[in-house]
Amino acid sequence: MTRVLVTGAGGFIGHHLVSYLVQRGYWVRGVDLKLPEFAPTDAQEFLQLDLRSWENCLAATAGVDQVYALAANMGGIGFIETNKAVIVRDNTLINMHTIEAARQNGVGRLLYTSSACIYPGYRQNSPDVTPLRESDAYPADPEDGYGWEKLYMERTCRHYTEDFGLETRVVRFHNIYGPLGTYDGGREKSPAAICRKVAMAEPEDTIEVWGDGEQTRSYCYIDDCVEGIYRLMRSEHREPLNLGTDELISINGLVDMVATIAGKRISKQYDLTKPQGVRGRNSDNTELRRVLGWEPSVVLGEGMARTYEWIEAQVQTACSPTGAYSASA
Ligand code: NAD
């Protein structure tokens, strides 16, 4: 039985990945600061550890064949724009200790979870953006803070492979969404935030939109995400690989889509003072198709319907007579 470690197993993607791997017959150790918030873990072993600590990384990586490194201090644009020092400090410690501990413990393979935030700002200035190919990462000008740390760790993975023979895989996620993800509290991302705002709205209501809503993104459903991670880990591809869809939509379009799913008439009030990130971002999946012979298949309308259904149920529960719902929009 292959033994794997999933770091960040108490988080959104890590939790789903643990279930996926256990279903495929892997023995899984999950590690995180916290237990999963919304459902019990399927991991055979779950350790609550702070992976900024070297000793904890040594303990976490002991006796496993593979590491899926997902732990990170992160959140949506509102969080990463305003916590740069903390993000860079925490994630550097987590990732550098994890990869070195994996090496010292003789781990065979490590998959690092990077981000579309590593792509240069100068290629993302228009809503009508050209999809980003893996080679577009350089000359570098990533998202300040969070993106720089991701790009630096991508390089670190490459050096560990070249100099120490540790097999590394690097995936660049493009906006992963789905049920069991953070939907309030300040760390949520746009699909979850929009679902929450619409779920809390009256049948005819106005919700706040960050920026002018013309900024564009593509989104990848969680089931496709874990399948892609798994396929990449098993492949022999050592270069960073996009994992996303190329179904581009504006934030305004996403709000309209969720309103239709909810059956509500929603108007938008724009707050131009709020961070909105790059103007446009899309994934070029040419390399993904070539390397994995596969690409995500869940269309946005279907994935958002499943996500809205889950978030609406959470909001309903939180609004139940046991206490008023207090999350700010
Ligand atoms: P998440 O915040 O839900 O999960 C990250 C987990 O890491 C959290 O449960 C958190 O408690 C844990 N963690 C943070 N600090 C830790 C520490 N010191 N020790 C141990 N655990 C710690 O995020 P996610 O969406 O599941 O993202 C997983 C990975 O994918 C992250 O590395 C993230 O940067 C990357 N990523 C995600 C997206 C996305 O759209 N969700 C996009 C690009 C990249």
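In the block above lies the structure referred to throughout.
Residues numbered from 1 in each chain as written. Predicted model: local features only at pLDDT ≥ 70, side-chain atom pairs only at ≥ 80, totals over all residues. Heavy atoms only, no water.

Novice: Help me get a handle on the site of the ligand, residues and values and all.
Specialist: Among the 27 residues in the neighbourhood of the ligand, the closest are listed as I13, D32, D50, Y146 and I176. A distance of 2.9 Å separates an oxygen atom of the ligand from a polar backbone atom of F12. At 3.0 Å, a backbone N or O of L70 approaches an oxygen atom of the ligand. Within the complex, 93% of the 820 Å² of free accessible area of the ligand lies under protein. Of all the elements in the fold, those that place two or more residues in the shell around the ligand are α1 (12–23), β5 (109–115) and α5 (146–164). Sort the elements by how many residues they give to the shell around the ligand and β5 lands first, with 3 residues. Of the residues belonging to the shell around the ligand, the class tally is 13 nonpolar, 8 polar and 6 charged. (Near = heavy atom within 4 Å. Polar contact = N/O pair within 3.5 Å; in protein donor to acceptor, adjacent residues only side chain to side chain. Areas by Shrake-Rupley, 256 points an atom, 1.4 Å probe, with all protein chains shown as cover. Helix = DSSP H or I, 4+ residues; strand = E, 2+ residues; numbered from the N terminus. Nonpolar A, V, L, I, M, F, W, Y, C, P; charged D, E, K, R; others polar.)

Novice: Report on α1, specifying residues and quantitative values.
Specialist: Spacing of three or four residues puts side chains on the same side of an α-helix, whose turn is 3.6 residues. Helix length check: α1 (12 residues) gives 17 Å between terminal C-alpha atoms against 16 Å at 1.5 Å per residue, within 8%. Along α1, the residues that are buried comprise F12, I13, G14, H15, H16, L17, V18, S19, Y20 and L21. Looking at the packing, one finds that the buried side of α1 touches β1 (3–7), β2 (27–32), β4 (66–69), β6 (167–173), β7 (176–177) and α7 (222–234). (Expected span 1.5 Å × (residues − 1). Buried < 20%, exposed > 50% of the residue type's maximum accessible area, 1.4 Å probe, protein only. Contact = heavy atoms within 4.5 Å.)

Novice: Quick rundown of the packing of aromatic side chains? Include the residues and the values.
Specialist: All chains considered together, the criterion is met by 8 aromatic pairs. Each ring, one from Y20 and one from Y230, has its centre 5.3 Å from the other, and the planes form 65°; the classification is edge-to-face. You can see Y20 sitting in helix α1 and its partner Y230 sitting in helix α7, a full 210 residues away along the chain. Accessibility expressed as a relative area gives 10% for Y20, which makes it buried. When its relative accessible area of 11% is taken as the criterion, Y230 is described as buried. Here the aromatic rings of Y177 and Y221 are separated by 5.5 Å at their centres, their planes lie at 65°, and the arrangement is edge-to-face. Of this pair, Y177 sits in strand β7 while Y221 is found in strand β10 (residues 220–221), placing the two residues 44 residues apart along the sequence. Of the two residues, Y177 and Y221, both sit in the buried class. Put simply, the rings of Y20, Y26 and Y230 pair up and form one aromatic cluster. Directly above the aromatic system of W27 lies the positively charged group of R3, at a separation of 3.9 Å from the ring centroid. (Phe/Tyr/Trp six-rings, centres within 6.5 Å; stacked < 30°, edge-to-face > 60°. Lys NZ or Arg CZ within 6 Å of the ring centre and 35° of its normal.)

Novice: Any chance you could break down the packing of helix α6 (residues 190–200) against helix α10 (residues 300–318) for me, citing the residues and the numbers?
Specialist: Following both chains from N to C, one finds α6 and α10 inclined at 55°, their axes separated by 9 Å at the closest point. By the criterion of interaxial angle, the relationship of α6 to α10 is oblique. The hand of the α6/α10 crossing is right-handed. Touching P191, A192, C195, R196, V198, A199 and M200 of α6 are M304, T307, Y308, I311, E312 and V315, all from α10. Of the residues that constitute the contact of α6 with α10, the class distribution is 10 nonpolar, 1 polar and 2 charged. (Axes fitted to C-alpha atoms, helices over the stretch in contact; angles between N-to-C directions. Parallel < 35°, antiparallel > 145°, perpendicular 65-115°, else oblique. Left-handed = near helix turned anticlockwise from the far one by under 90°.)

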